[in-house]
Amino acid sequence: LINILMSEDKVGFREVKTILLGDSGVGKTSIINRYVNNRFNPDLPSSLCSSSNEVEIIKDDINYKLIIWDTSGQEVYHSLTNLFIKGSNIVILTYAVNSLSSFEGLKYWHKSLVDNIGANNYVLAVVGSKMDLVNEEVVTEEQGKEFADEKNAIFKLVSAKENSKGIHELFDLLLEELIEKFPNYDENKSYNYNPKKKIGKKKKRHCC
Ligand code: GDP
Ligand code: MG
């Protein structure tokens, strides 16, 4: 019994506040639904309230509880969304590959983010959703990548409809980056920088 207690003691526990931001209709709820329930519902009712889902992942004896906030409907109540942004550890900026306005909307969402919680206290992804709609694509992969590079974000194209793998990879990548960038977790549930790692490393751009 003592052994069991001791080994349980060794298992750390960390909460990871995760939030999806982006214009209404880009597929935020569908991404979460695919990740959490492995389901896709083409007739998703758009709800006005926000909700959260929890996913637990164990890595290196640490139990990470991802609390994923869906800001469904909050798009129209921007000040409310700002409240949700506070304290986020992982932020996913979402646009749909068949909507130029949703891609342009990312500038607004990124600004809300920086205005509320700065530019460096979380890990960030830029995600182009609905990649199955290739025939309707109006935002190229290059454009998406360029925006992500500018913001020091992970870039990924996903489809909640046709490919769950990409969505799992996205969350795995983000958690790995969080652990690498902020290996220290304190009693206030906040993640702290690894002082040995360079922060805000710029991806190499084309030279010459
Ligand atoms: P939200 O407002 O950002 O939460 O977007 P939803 O998840 O509610 O999705 C809006 C609409 O886009 C719904 O009709 C979904 O069925 C559809 N949708 C979401 N993800 C995908 C996808 O990957 N592919 C396609 N073809 N449609 C999608
Ligand atoms: Mg939604």
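Scroll up a little and you will see the structure.
Scope of this entry: the structure provided in the associated data block. Please read these numbers as outputs of a predicted model, since none were measured by experiment.

Rules and cut-offs
Residues numbered from 1 in each chain as written. Chains lettered and ligands numbered in written order. Predicted model: local features only at pLDDT ≥ 70, side-chain atom pairs only at ≥ 80, totals over all residues. Heavy atoms only, no water. Near = heavy atom within 4 Å. Polar contact = N/O pair within 3.5 Å; in protein donor to acceptor, adjacent residues only side chain to side chain. Areas by Shrake-Rupley, 256 points an atom, 1.4 Å probe, with all protein chains shown as cover. Nonpolar A, V, L, I, M, F, W, Y, C, P; charged D, E, K, R; others polar. Buried < 20%, exposed > 50% of the residue type's maximum accessible area, 1.4 Å probe, protein only. Helix = DSSP H or I, 4+ residues; strand = E, 2+ residues; numbered from the N terminus. Contact = heavy atoms within 4.5 Å. Pairing = 2+ DSSP bridges. Expected span 1.5 Å × (residues − 1). Axes fitted to C-alpha atoms, helices over the stretch in contact; angles between N-to-C directions. Parallel < 35°, antiparallel > 145°, perpendicular 65-115°, else oblique. Phe/Tyr/Trp six-rings, centres within 6.5 Å; stacked < 30°, edge-to-face > 60°.

**Description of the site of ligand 1**
What surrounds ligand 1 is a group of 18 residues, the closest being Gly25, Lys28, Thr29, Ser30 and Asp132. Measuring from an oxygen atom of ligand 1, one finds a side-chain N or O atom of Lys130 at 2.9 Å. Burial of ligand 1 by the protein amounts to 85% of the accessible area it has alone, namely 580 Å². The class makeup of the residues in the shell around ligand 1 is six nonpolar, seven polar and five charged.

**A closer look at helix 2 (residues 28–37)**
The element helix 2 is extensively covered by neighbouring structure, given that seven of its 10 residues are classed as buried. Taken together, the buried positions of helix 2 are occupied by Lys28, Ser30, Ile31, Ile32, Asn33, Arg34 and Tyr35. Against the buried residues of helix 2 lie strand 1 (12–21), strand 2 (51–59), strand 3 (62–70), strand 4 (90–96), strand 5 (123–129) and helix 6 (164–181). Note on helix 2: the residue one or two positions beyond its end, Asn38, has a positive phi of about 50 degrees.

**Side note on the pairing of strand 2**
Note that strand 2 and strand 3 share nine bridges and pair antiparallel. Residue Ile57 lies in a different strand from strand 3, and its bridge partner there is Tyr64.

**Let's talk about helix 4 (residues 100–117)**
The first and last C-alpha atoms of helix 4 sit 26 Å apart over 18 residues, in line with the 26 Å expected at 1.5 Å per residue. If you check which residues of helix 4 are buried, you get Ser102, Phe103, Gly105, Leu106, Trp109, His110, Ser112, Leu113 and Ile117. Structurally, helix 4 contributes buried residues whose contacts are with strand 1, helix 3 (78–85), strand 4, strand 5 and helix 5 (141–150). Directly after helix 4, the chain includes Gly118, whose backbone phi takes a positive value near 80 degrees.

**Some thoughts on the sheet that holds strand 2**
Here six strands make up an open sheet; going across it, the order is 2-3-1-4-5-6 and the pairing mixed. The open sheet is flanked by strand 2 and strand 6 (154–157), the only strands paired with a single partner. Strand-to-strand twist of the sheet, defined as the mean angle between neighbouring strand axes without regard to direction, takes the value 20 degrees. Direction of pairing for strand 1 relative to strand 3: parallel, over a ladder of nine bridges.

**A short note on unusual backbone geometry**
One non-glycine residue, Lys130, lies in positive phi territory at about 65 degrees. Its place among the elements puts Lys130 in the loop between strand 5 and helix 5. At Asn152, a position not held by glycine, the phi torsion is positive, near 55 degrees. Taking relative accessible area as the criterion, Asn152 reaches 28% and is therefore assigned partly exposed.

**With respect to the packing of helix 4 against helix 5**
Two elements in contact, helix 4 and helix 5, have axes whose closest approach is 12 Å; the angle formed by their N-to-C orientations is 0 degrees. The angle between helix 4 and helix 5 places the two elements in the roughly parallel class. Contacts between helix 4 and helix 5 pair Phe103, Leu106 and Lys107 from the former with Gln143, Gly144 and Phe147 from the latter. Broken down by class, the residue content of the contact of helix 4 with helix 5 amounts to three nonpolar, two polar and one charged.

**Concerning the packing of aromatic side chains**
Under the definition given, this model contains five aromatic pairs. Each ring, one from Tyr95 and one from Phe103, has its centre 4.9 Å from the other, and the planes form 65 degrees; the classification is edge-to-face. Here Tyr95 and Phe103 have matching classes, each one buried. Aromatic pair Phe103 and Phe147: ring centres 5.9 Å apart, planes at 70 degrees, arrangement edge-to-face. With a gap of 44 residues between them, Phe103 in helix 4 and Phe147 in helix 5 connect regions that are remote in the sequence.

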